[in-house]
Number of protein chains: 2
Amino acid sequence: MGRWGPDARGRLERAAMELYEERGYEQTTVAEIAARAGLTERTFFRHFTDKREVLFGGAGILQERVVTGVLDASASATPLQAVMAALNHAGRLFGETPTRSRQRQRIIDATPELQARELSKLSTVAGATADALRQRGVPDPAATLTAEVGIVAFRTAFGHWISDPAERPWSDHLHEALDGLHAVMTGR
Amino acid sequence: MGRWGPDARGRLERAAMELYEERGYEQTTVAEIAARAGLTERTFFRHFTDKREVLFGGAGILQERVVTGVLDASASATPLQAVMAALNHAGRLFGETPTRSRQRQRIIDATPELQARELSKLSTVAGATADALRQRGVPDPAATLTAEVGIVAFRTAFGHWISDPAERPWSDHLHEALDGLHAVMTGR
């Protein structure tokens, strides 16, 4: 076993999340995270740029999954079907149960700076999704609107998924959000 | 004429916007804004909390207009109709021509901090709109989804309104955004 131990990144992440919940994100230092994980600050900085990246390090992977999902969707899929298929696929990143996502959301909800970062992240994912739709030949404004609607479905589904006591799967919540959007648009 | 002169707020606002464009938002100081307007820093702080508020001072009025518009919409209006009527009404805040809104958007687009603030502002307006819908008896998730869809229409219409060389009115762009959303949802 090397001096960083097995799964240093996972240990740092778990230590950080615990401390963000116990003390608050702003009050937690990298030194404390490293100490809780039994590692050094230097090791922390080998894995994360800063303490915010512990919470947002997955943003790039999420975006890449959504973009790939849109580009790989069946040629016969409508723009919205392509985006929904991509978001369904991307949901696998969250894991089988919402325990970790729920903890992350509690931390974000408690800190305005993190809420702003989360909004920026989703706005960037929406922009990349619209770009992917344009690559499929979808014109504007349809590309932008479809991507934005997809992100609304994503956020709604995410909120319901992490607060569902029955822990029904991500895809159920995503389909319900889409059904809800259809109902809104048709005035039912 | 008092020592603050007529329309001190308007003069400060115009001076600030000019400087944000010429030098960049981050590089501009309150002292420079006051000097350009021919006023003192003290006068600036009578009208604005800080230099960011010059750009976001209208957020509260926008939100209030949208909320009032939703609550005052005809009892027979669907949730989406109520939100669209409110957004149409709120558009009058922007003025007849998009000149000032266009300038404001250029400044925001140039500064990540301001982009994040704009996203937060619209997220807050969406939350208040969903609350207003709940007051009309709209249950969730319809209230949240309708408000979020309304904000997507709002943002899209705004982007088109400020970049329309023909300067067609706000309501035209808002209706086109709604038509675009219908097309997205029905896969046309």
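Residues numbered from 1 in each chain as written. Chains lettered and ligands numbered in written order. Predicted model: local features only at pLDDT ≥ 70, side-chain atom pairs only at ≥ 80, totals over all residues. Heavy atoms only, no water.

### Observations concerning the domain arrangement of chain A
Residues and elements named next belong to chain A.
Inference 1: Assigned domains within chain A: domain 1 (8–50) and domain 2 (56–186).
Inference 2: Summarising the inter-unit geometry, the C-alpha centres of domain 1 and domain 2 are found 28 Å apart.
Inference 3: Counting residues at the interface gives seven residues for domain 1, matched by eight residues for domain 2.
Inference 4: A combined buried area of about 750 Å² lies between domain 1 and domain 2, and 56% of that area is made up of carbon and sulfur atoms.
Inference 5: On the domain 1 side of the contact with domain 2, Met17, Glu21 and Tyr25 bury the most area, a combined 68% of that side's loss.
Inference 6: Measuring nitrogen to oxygen at the nearest pair gives 2.7 Å for the salt bridge that ties Arg106 to Glu21. (Domains from an automatic or database assignment. Contact = heavy atoms within 4.5 Å. Buried area = accessible area lost by both parts, 1.4 Å probe. Salt bridge = Lys/Arg side-chain N within 4 Å of Asp/Glu carboxyl O.)

### As for the packing of aromatic side chains
Inference 1: All told, the structure shown has 22 aromatic pairs over all chains when counted by the stated rule.
Inference 2: With 6.1 Å between their ring centres and 50° between their planes, A:Phe158 and A:Trp161 make a pair best called tilted. Pair noted here: A:Phe158 and A:Trp161 are both in helix α9 (residues 142–162), with a separation of three residues, about one helical turn.
Inference 3: Look at B:Phe44 and B:Phe45: their rings are 5.3 Å apart centre to centre, the planes differ by 85°, and that puts the pair in the edge-to-face class.
Inference 4: Of the aromatic side chains, those joined through ring pairs into one cluster are A:Phe94, A:Phe154, A:Phe158, A:Trp161 and A:Trp170.
Inference 5: Over the face of the ring belonging to B:Phe56 we find B:Arg117, whose NZ or CZ atom lies 4.9 Å from the ring centre. (Phe/Tyr/Trp six-rings, centres within 6.5 Å; stacked < 30°, edge-to-face > 60°. Helix = DSSP H or I, 4+ residues; strand = E, 2+ residues; numbered from the N terminus. Lys NZ or Arg CZ within 6 Å of the ring centre and 35° of its normal.)

### Focus on the interface of chain A and chain B
By convention, interface size is frequently given as the accessible area that disappears when the constituent parts associate.
Inference 1: Facing 24 residues of chain A, the contacting portion of chain B comprises 24 residues.
Inference 2: With both chains or domains summed, chain A and chain B bury close to 2200 Å², and 78% of this area falls on carbon and sulfur atoms.
Inference 3: For the interface between chain A and chain B, the tally reads two salt bridges.
Inference 4: Linking A:Arg155 and B:Glu148 is a salt bridge whose minimum nitrogen-to-oxygen distance equals 3.5 Å.
Inference 5: The element contributing the most residues to the side of chain A that touches chain B is α9(A), with nine residues.
Inference 6: Considered class by class, the residues forming the side of chain A that touches chain B number 13 nonpolar, nine polar and two charged. (Nonpolar A, V, L, I, M, F, W, Y, C, P; charged D, E, K, R; others polar.)

### Description of the packing of helix α5 (residues 59–72) of chain A against helix α6 (residues 79–90) of chain A
Between two packed helices, the angle of one axis relative to the other and the distance separating the axes together describe the packing.
Residue and element names in this part refer to chain A.
Inference 1: One can describe the packing of α5 onto α6 by two numbers: an axis separation of 8 Å at closest approach and a directional angle of 140°. Taken together, the axes of α5 and α6 lie oblique to each other. Along this stretch, α5 crosses α6, giving a crossing that reads as right-handed. Only Ala82, Val83, Ala86, Leu87, His89 and Ala90 of α6 make contact with α5, whose side of the interface consists of Leu62, Arg65, Val66, Gly69 and Val70. (Axes fitted to C-alpha atoms, helices over the stretch in contact; angles between N-to-C directions. Parallel < 35°, antiparallel > 145°, perpendicular 65-115°, else oblique. Left-handed = near helix turned anticlockwise from the far one by under 90°.)

### Considering the UniProt feature "domain: HTH tetR-type" (unreviewed entry) in chain A
Inference 1: When the UniProt feature table is mapped to this numbering, "domain: HTH tetR-type" (unreviewed entry) covers residues 6–66 of chain A.
Inference 2: In this annotation, residues 6–66 of chain A is assigned 70% helix and 0% strand; the end-to-end C-alpha distance for the span is 30 Å. (UniProt positions renumbered as here; feature names shortened; annotations may be inferred.)

### Here's the deal with the relation of the copies chain A and chain B
Inference 1: Superposing chain A onto chain B takes a rotation of 180° plus a shift of 0.0 Å along the axis, which leaves an RMSD of 0.0 Å. Expressed as a symmetry operation, the mapping of one chain copy onto the other fits a two-fold axis. (Least-squares fit on C-alpha atoms with pLDDT ≥ 70 in both.)

### A closer look at the pattern of salt bridges
Residues and elements named next belong to chain A.
Inference 1: One pass over the full model with this rule turns up 28 salt bridges over all chains.
Inference 2: Two residues, Arg168 and Asp164, come together in a salt bridge whose shortest N-O distance is 3.4 Å.
Inference 3: Arg168 gets classed as partly exposed once you look at its relative accessible area, which sits at 29%.
Inference 4: On the basis of relative accessible area, Asp164 is assigned to the buried category, the value being 8%. (Buried < 20%, exposed > 50% of the residue type's maximum accessible area, 1.4 Å probe, protein only.)

### Quick word on helix α9 (residues 142–162) of chain B
Inference 1: Here α9(B) is 21 residues long and its end C-alpha atoms lie 30 Å apart, about the 30 Å a rise of 1.5 Å per residue gives.
Inference 2: When you tally the buried positions in α9(B), you get 16 out of 21 residues, the bulk of the element. (Expected span 1.5 Å × (residues − 1).)

### Side note on the nonpolar core
Inference 1: Judged by nonpolar contacts, the single largest core of 70 residues is most densely connected at A:Trp170, A:Leu181, A:Met185, B:Trp170, B:Leu181 and B:Met185.
Inference 2: Leave out the neighbours within four places in its chain, and A:Trp170 touches A:Leu87, A:Asn88, A:Gly91, A:Phe94, A:Phe154, A:Ala157, A:Phe158 and A:Trp161. (Core = buried A, V, L, I, M, F, W, Y, C linked by side-chain atoms within 4.5 Å.)

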